[in-house]
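Structure assessment
Residue-level listing of the chains:
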Amino acid sequence: MKHVFLTGATGVVGSEVARRFLAHPDWCLHLMVRAASRDELRAKIDSLWEYWGHARPDSALRDRVIPHWGDASAHRFSLERKEYEDLAREVTHIVHAAGNVKLNQSLEAACKDAVGTLRHVLALAELAQRNCNLAKVDLVSTVGVAGRMPGTIPEKLLTEPRRFRNTYEEAKATAEQVARGHLENGMPITLHRPSMVVGDSRTGHIRDFQVFYHLAPFLSGERTRGWMIRTGGAALDLVPVDYVAEAIFLSATHSKTAGRVFHLCAGPSEEWNITELSQWLWERARSQGKDLRPLR
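Residues numbered from 1 in each chain as written. Predicted model: local features only at pLDDT ≥ 70, side-chain atom pairs only at ≥ 80, totals over all residues. Heavy atoms only, no water.

A word on the pattern of salt bridges
In total, this model carries 19 salt bridges according to the counting rule given. When the shortest N-O distance is used, the salt bridge between arginine 202 and aspartate 242 registers 3.8 Å. Of this pair, arginine 202 sits in the loop between strand E7 (196-198) and helix H7 (212-219) while aspartate 242 is found in helix H8 (residues 241-252), placing the two residues 40 residues apart along the sequence. Judged by relative accessible area, which is 67%, arginine 202 ranks as exposed. Judged by relative accessible area, which is 10%, aspartate 242 ranks as buried. Lysine 290 is paired through a salt bridge with glutamate 222; the nearest N and O atoms lie 3.2 Å apart. Residue lysine 290 is located in the segment after helix H9 (274-287), and its partner glutamate 222 is located in the loop between H7 and strand E8 (235-236); the two are separated by 68 residues in the primary sequence. (Salt bridge = Lys/Arg side-chain N within 4 Å of Asp/Glu carboxyl O. Helix = DSSP H or I, 4+ residues; strand = E, 2+ residues; numbered from the N terminus. Buried < 20%, exposed > 50% of the residue type's maximum accessible area, 1.4 Å probe, protein only.)

Below, the structure is given as structure tokens:
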């Protein structure tokens, strides 16, 4: 039995990555879940089972999911020493998908979320590596680490000086530099850089509304009474969550991806012009019965 430690399991990307591990009976999932109480922990796990389509999982399936009540941003994840050390002896794979996607935090707060949490994840990886059972570490970053770099961004660790649009991008870029040090010391790390994650490509289903879904009412004119800003040729890079989760799962289960950086994005050929996207969202909202003014 292989054991994967997954942070962010209750989030948009992590919940879908977990679903894919769950589909393979040779995997045991250790989920880091933050909760205010044991009751809230149980409620969050029950909610995940329902999201995965297993409202009443059988005992064999349930036994493969081990929740850890802790905090990914705290030393040893706030776990008791024995639980932490047992975890380090069992875990063979780590997927770090937890993250705060707020763009308006102070740089200090953003770095606590992105850099501080990553250091704790890598500390567990180091201990597992010393125990000789670590096979792979997959880290979810963002394509935003490129900041305002012009041109095509290469799938490699970036060392070029650059400016950032917000503290989220800057903190994630700093986190990648921390990961780089461990990668150079021989840790089998893969970095994943998604763009703006949206719902499943077939069903539209998503665990939680974030980022794009807060922009949509403005882009459709619903919140602006039809008035639209001039965006020129600006575009949004949107990527469905099933594509992102499948890529991370495949990478985590293949050792040859260690040392690689993957851009999980639509790319220049598939990104969506904002003017065209606004029109599509307006038409979609109208078809759902919303009384919107014409875009202007």
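As for the sheet that holds strand E3 (residues 65-69)
Taken together, seven strands build an open sheet; the order of strands is E3-E2-E1-E4-E5-E6-E10 and the sheet is parallel. The open sheet has two free edges, formed respectively by E3 and strand E10 (261-264), since each of these has just one partner strand. Averaged over all pairs of adjacent strands, the angle between their axes in this sheet comes to 20°, without regard to strand direction. When strand E1 (residues 2-7) meets strand E4 (residues 93-96), the two strands line up parallel, connected through four bridges. Residue pairing across strands places threonine 7 opposite histidine 96, the latter belonging to E4. (Pairing = 2+ DSSP bridges. Axes fitted to C-alpha atoms, helices over the stretch in contact; angles between N-to-C directions.)

Quick look at the nonpolar core
The biggest cluster of nonpolar side chains holds 36 residues, and the ones touching the most others in it are Phe21, Leu31 and Trp52. Among the secondary structure elements, those contributing two or more residues to this core are E1, helix H1 (12-22), strand E2 (27-33), helix H2 (38-51), H8 and E10. Other than its neighbours up to four places away in sequence, tryptophan 52 contacts Ser15, Ala18, Arg19, Leu22, Leu31 and Val65. (Core = buried A, V, L, I, M, F, W, Y, C linked by side-chain atoms within 4.5 Å. Contact = heavy atoms within 4.5 Å.)

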